[in-house]
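This is what each chain is made of:
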Amino acid sequence: MTQDELKQAVARAAIDYVVDGEIIGVGTGSTANFFIDELARIKDRIKGTVASSEATAARLRGHGIPVYDLNDVSSIAVYIDGADEINAGGAMIKGGGAALTREKIVASVSKKFVCIADGSKLVHVLGKFPLPVEVIPMARAAVMRQLEALGGQPRLRTKAGSSDPFITDNGGEIIDVAGLSIVDPVALETQINQIVGVIAVGLFAQRGANVCLLGRPDGLQTLTF
Ligand SMILES: O=C[C@H](O)[C@H](O)[C@H](O)COP(=O)(O)O
């Protein structure tokens, strides 16, 4: 099975977690895209969605699925999204696709977080995948110095084929921090959140996943936290 087939299998399995008549939070990335395509098949069963990025909103609308502004929504039944890494406690690194801040906001108001990923994303210790941190552009250098002091190797994310900074949907920039072995994800999330100029850190530990569906060549693995 290819990695895409594994992602497609978990995306299909995630449909079982969709709550009829409700608003569904939808993540960003290649696995979330497979989920959106599956959701399109049952779109008449749901009230609508809240999107975690402009790209996700466009894909949802392309399928004719209603997308609500979060300010007009009082509760989200379930949030379904991929991850760059997940550990055995349900803590994740996210933001490889630069959508971490909106993902964190939508996840924070959702009753349940269902993470969908291919099996390679399950790790013992988070941190091999460089940790994305979204920052206010004028604070970039100051934040990078503080991330270095925490033991990481921060690097500004740039646009493909250019040295210009990559700009997020929120007008922020992304610093990818390599070299962190994250043994206490909750503590590191708190520490990085306290750095002035940080918009959000791609560590989802305080609000981790409730369920993780992992696609493996020999079948689906379900973890609950
Ligand atoms: O910002 C992007 C998100 O956090 C994604 O959920 C994450 O990067 C995983 O993406 P993919 O499903 O493409 O591996």
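Quick caveat: nothing in here was measured; it's all calculated off a predicted structure. By convention here, each chain's residues receive numbers from 1 onward along its written sequence. Where totals are concerned, whole chains, interfaces and linings use all residues; where local detail is concerned, this predicted model gives features only for residues with pLDDT of at least 70, and gives and counts side-chain atom pairs only at 80 or more.

## Here's the deal with the overall build of the protein
Our working definition: In DSSP terms, a helix is any run of H or I states spanning at least four residues, a strand is any run of E spanning at least two, and both are numbered starting from the N terminus. Our radius of gyration looks at C-alpha atoms and nothing else; its globule reference is 2.2 Å times the residue count to the power 0.38. Placing a C-beta atom from the backbone of each residue, one calls two residues in contact when those atoms lie within 7 Å.
Across its full length, the protein holds six helices and 13 strands. Taken against the 2.2 N^0.38 rule, which gives 17 Å for 225 residues, the C-alpha radius of gyration of the protein at 17 Å falls within 12% of a compact globule. Dimensions of the protein, computed from C-alpha atoms along their principal axes, come out at roughly 50 × 40 × 35 Å. The contacts in the protein between residues at least 6 apart in sequence include a share of 73% that link residues at least 24 apart.

## Regarding the nonpolar core
This is how it is decided: Under the definition applied here, buried Ala, Val, Leu, Ile, Met, Phe, Trp, Tyr and Cys residues are grouped into a nonpolar core through C-beta atoms within 7 Å. Here the C-beta atoms are placed from the backbone, and a residue counts as buried if at least 20 other C-beta atoms lie within 10 Å of its own, exposed if 12 or fewer do, and partly exposed otherwise. Where each domain begins and ends follows an automated or database-derived domain assignment.
Ranked by internal contacts, the top residues of the largest apolar core, which has 62 residues, are Val-10, Phe-35, Ile-80, Val-114, Cys-115, Ile-116 and Val-133. Taken together, domain 1 (3–123 + 206–224) and domain 2 (131–200) each give at least three residues to this core, which thus spans both. Residues within four places of Val-114 in sequence aside, it is in contact with Ala-14, Tyr-17, Val-78, Ile-80, Ala-209, Asn-210, Val-211 and Leu-213.

## Side note on the sheet that holds strand S11 (residues 203–204)
Test applied: Should DSSP find at least two bridges between two strands, the strands are taken to pair.
Taken in spatial order, the three strands of this open sheet run S4-S5-S11, and their pairing is antiparallel. With partners counted over all chains shown, the strands left at the sheet margins are strand S4 (85–86) and S11, one partner each. Across two bridges, the pairing between S4 and strand S5 (residues 92–93) is antiparallel. Among the inter-strand pairings, Glu-85 is bridged to a residue of S5, identified as Ile-93.

## Topic: the site of the ligand
Here is the rule: The C-beta atom of each residue is placed using the backbone, and any residue whose C-beta lies within 6 Å of a molecule or strand is treated as near it.
Neighbouring residues of the ligand: 17 residues in total, closest Gly-29, Gly-82, Lys-94, Gly-96 and Gly-97. For the shell around the ligand, the elements supplying multiple residues, two or more each, are helix H2 (30–41) and helix H4 (100–108).

## Some words on the domain arrangement of the protein
Threshold: Think of it as three bins: nonpolar holds Ala, Val, Leu, Ile, Met, Phe, Trp, Tyr, Cys and Pro, charged holds Asp, Glu, Lys and Arg, and polar takes everything else, Gly as well.
For the protein, the domain assignment lists domain 1 (3–123 + 206–224) and domain 2 (131–200). In this structure, domain 1 and domain 2 have C-alpha centres spaced 24 Å apart. With twelve residues of domain 1 in contact, the opposing surface of domain 2 contributes 14 residues. Of the residues that constitute the side of domain 1 that touches domain 2, the class distribution is four nonpolar, five polar and three charged.

## Points about the environment of Ala-32
Relative to the helices and strands, Ala-32 is located in helix H2. What makes Ala-32 buried here is the crowd of 28 C-beta atoms within 10 Å. Separated by 100 residues in the primary sequence, Ala-32 and Pro-132 place their C-alpha atoms 18 Å from one another.

## A closer look at helix H5 (residues 140–149)
Here is the rule we go by: Taking the helix axis as origin, the arc is that swept by the directions to the C-beta atoms.
Among the residues making up H5, those that are buried are Val-143, Met-144 and Leu-147. With its buried residues spanning 105° around the axis, H5 presents them on a single face. For H5, exposure combined with an orientation more than 90 degrees from the buried face picks out Ala-141, Arg-145 and Ala-149. In the segment just after H5, Gly-151 is the residue with positive phi, at about 100°.

## Some points on the sheet that holds strand S1 (residues 23–26)
Short version of the rule: Axes, fitted as lines to C-alpha atoms, cover a helix only where it is in contact. Angles between the N-to-C directions of the axes lie from 0 to 180 degrees.
Spatially, the six strands line up as an open sheet ordered S2-S1-S3-S6-S12-S13, and their pairing is mixed. Two strands close off the open sheet at either side, each with one partner strand: strand S2 (48–51) and strand S13 (219–224). Geometrically, the sheet is characterised by an average inter-axis angle of 20° between neighbouring strands, direction not taken into account. Alignment of S1 against strand S3 (residues 78–81), held across three bridges, turns out to be parallel. Within S3, the position partnered with Gly-25 by the bridge is Tyr-79. In the packing of H4 onto the sheet, contacts are made with S1, S2, S3 and strand S6 (113–118), and the angle to S3 comes to roughly 150°.

## Section: the UniProt feature "active site" (unreviewed entry) in the protein
For clarity, the threshold we go by: UniProt positions are given in the numbering used here, feature names are shortened, and annotations may be inferred rather than shown by experiment.
Under the UniProt annotation, the feature "active site" (unreviewed entry) is placed at Glu-103. Tracing the backbone through its elements, the reader meets Glu-103 in helix H4. Contact partners of Glu-103, with chain neighbours within four places excluded, come to Gly-27, Thr-28, Ser-52, Asp-81 and Lys-94.

## Here we look at the pairing of strand S12 (residues 211–216)
As judged from the five bridges shared by S6 and S12, these two strands associate in the parallel manner. Across the sheet, the residue bridging to Cys-115 is Cys-212, located in S12. Across six bridges, the pairing between S12 and S13 is antiparallel. Following the sheet pairing, Arg-216 is matched in S13 by Gly-219. Counting the residues between successive antiparallel strands, the hairpin from S12 to S13 contains two residues.

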